[in-house]
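Now for the letters of each chain:
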Amino acid sequence: MAAAHIQPSGGQPFSVRPSSSPVAPPSMAAIQAGRLKDALLVVAAHEDPTDIFSVNVKLVDAASGATVGQLDGQHTDHISAAAGLICLVPAGTSGSAIRVLNPATGGITDIPAGPTAVAHGGWTSQSSYVFAHVPTTKEYKLLRIITSRGCHDDKVKQSCEILTLGGRGQRWRPAPSPLVLLSMVPRQCAVTAGFAHFLTTTRTIGYDGIASFDMAKEEWRPSLLPGPLPSRSRNCCQSNLSLVELNSCLAFVHHDYLSYCIDMWVLEDMGESKWLRIESLHFRSFLSGFEEPEKGQLTPLIPVSRRKEIFAQPMMVMDDGRIAFWVRFPNGTVRVYDPKTRKCEDAVRMGSASSIVGLYKGSQVELS
């Protein structure tokens, strides 16, 4: 593992306190008692307009908005975080190594990647990656999903490979293909308690069906996890749905543009497909500049606006019970909502060229 220097802001070094036990299975108790005092938002800031793949990686305290660490000039088009490590996937067809960073030590691990986009034999292929920590084995793994599309027809297929960080010669090996086509939109995938969850793209089963990959067993669950949407909403626009990990729980988020609400559920029991609705936020009380259409005016299923806020993604439940949201457009705002007072405040504006890609959870890292 080669050493690298990750410059903290304000002269303060990163600190990591190893955990004594793995993360518990998803449950509402984890939302109530498992809040992470040390969790930081991982922000990708595109600050060079001449190079869309040049990214500055920042660690941001959601409560204060302060940047507590930064790594500049990374050439990547995908960033993810898992239990104290940050994974950077190289951009385009360069074939450069995937880099896994440890902000606590400044260490870097390089993993052979190969090109992320390939054209061969009448197919074009695009690779997507999921980086995960497996609590039961304390391993870190990368799941690669290769989506191939026919050059002359509408055929689409997906295959998988998996790699264990530091294990088995650190080589990619075959993994089972998904049972249905998965959405590769980043906010429609979430990792909780060693499972990678994906929304599907099959309308016949409802857009809220969830395919789950067991990172420990390296296999797909034999059946889809039904989402929590009521039947009237099950064929809504897929772009209005998100999956997110909220303090070790799988959360399902629906932006309901017909009812003007952000509805959120957490998964209480995966085996029983049991969901608990935890919040319903009215757009008007949370999104700046949002206005309901006048009576008799048609409501668009997917609003388009360059000046008004139309989308907010929950990122974490803070130690005091407040929820941090990422409102990307138009100002790239970290907004903190208090369920007790039902009021919100902006912690920091990162700019529209920034995006939050995950959480840095130093308190969960098991360092060897």
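Residues numbered from 1 in each chain as written. Predicted model: local features only at pLDDT ≥ 70, side-chain atom pairs only at ≥ 80, totals over all residues. Heavy atoms only, no water.

Attention shifts here to the overall build of the chain. Helix and strand counts for the chain come out as two helices and 25 strands. Restricting the contact set of the chain to residue pairs at least 6 apart, pairs at least 24 apart contribute 48%. Surface accessibility of the chain: about 17200 Å² in total, with carbon and sulfur atoms responsible for 51%. (Helix = DSSP H or I, 4+ residues; strand = E, 2+ residues; numbered from the N terminus. Contact = heavy atoms within 4.5 Å. Areas by Shrake-Rupley, 256 points an atom, 1.4 Å probe, with all protein chains shown as cover.)

Here the focus is the sheet that holds strand E14 (residues 195-199). Ordered in space as E13-E14-E15-E16, the four strands form an open sheet in which the pairing is antiparallel. The strands lining the two open edges of the sheet, one partner per strand, are strand E13 (189-192) and strand E16 (219-220). Looking at chain direction, E14 and strand E15 (residues 210-214) are connected through five bridges and run antiparallel. Paired with phenylalanine 198 across the two strands is alanine 211, which belongs to E15. (Pairing = 2+ DSSP bridges.)

Our next topic: the side chain of glutamate 309. Turning to its location among the elements, glutamate 309 is positioned in the loop between helix H2 (283-286) and strand E21 (313-317). The class of glutamate 309 is buried, set by a relative accessible area of 3%. Of the polar contacts made by the side chain of glutamate 309, one reaches the backbone nitrogen of serine 288; its length is 2.7 Å. Here the side chain of glutamate 309 touches arginine 335 through a polar contact of 2.6 Å, side chain to side chain. (Buried < 20%, exposed > 50% of the residue type's maximum accessible area, 1.4 Å probe, protein only. Polar contact = N/O pair within 3.5 Å; in protein donor to acceptor, adjacent residues only side chain to side chain.)

Moving on: the environment of alanine 353. Position of alanine 353 among the secondary structure elements: in the loop between strand E24 (343-349) and strand E25 (354-360). Along the chain, alanine 353 and arginine 328 lie 25 residues apart, while their C-alpha atoms are 8.5 Å from each other.

To continue, consider the nonpolar core. In terms of nonpolar packing, the biggest core is built from 19 residues, with Ile262, Phe286, Ala312 and Phe325 touching the most fellow members. Grouped together as the second largest cluster of nonpolar side chains are 16 residues, Ala39, Met316, Ala324 and Val348 included. (Core = buried A, V, L, I, M, F, W, Y, C linked by side-chain atoms within 4.5 Å.)

Let us look at empty space enclosed by the protein. Applying the stated criterion across every chain yields a total of two cavities of 30 Å³ or more. In this structure, the second largest cavity encloses a volume near 30 Å³. Every residue lining the second largest cavity is listed: Leu179, Ala211, Ser212, Trp220, Arg221, Ser223 and Leu224. (1 Å grid on protein atoms, 1.4 Å probe; cavity = no way out; pocket = protein on both sides within 12 Å on 5 of 7 lines; lining within 4 Å. Points joined across faces, edges and corners; volume = space filled by probe spheres on them.)

This part covers the pairing of E13. A one-sided burial pattern is seen for E13, the buried positions being Ala190 and Thr192 and the unburied ones Cys189 and Val191. Of the pairings in the sheet, the one linking E13 to E14 comprises four bridges and is antiparallel in character. Considered in E14, the bridge of valine 191 is made with alanine 196.

Next up on the list: the sheet that holds strand E22 (residues 323-327). Pairing is antiparallel in the open sheet, where four strands are placed in the order E21-E22-E23-E24. Single-partner strands in this sheet number two, and they are E21 and E24. Across this sheet, the average inter-strand angle for adjacent strands is 30 degrees, counted without regard to direction. (Axes fitted to C-alpha atoms, helices over the stretch in contact; angles between N-to-C directions.)

Attention now goes to the environment of threonine 76. Relative to the elements of secondary structure, threonine 76 occurs in strand E4 (residues 67-82). C-alpha of threonine 76 to C-alpha of alanine 44: the two residues are 32 residues apart in sequence and 9.8 Å apart in space. At 2.9 Å, the side chain of threonine 76 forms a polar contact with the backbone oxygen of histidine 78.

In total, this model carries twelve salt bridges according to the counting rule given. For lysine 141, the salt bridge goes to glutamate 218, with nearest N and O atoms at 2.8 Å. Of this pair, lysine 141 sits in strand E10 (residues 139-150) while glutamate 218 is found in the loop between E15 and E16, placing the two residues 77 residues apart along the sequence. Each member of the pair, lysine 141 together with glutamate 218, is buried. For the salt bridge of aspartate 346 with arginine 335, the shortest nitrogen-to-oxygen distance reads 2.6 Å. (Salt bridge = Lys/Arg side-chain N within 4 Å of Asp/Glu carboxyl O.)

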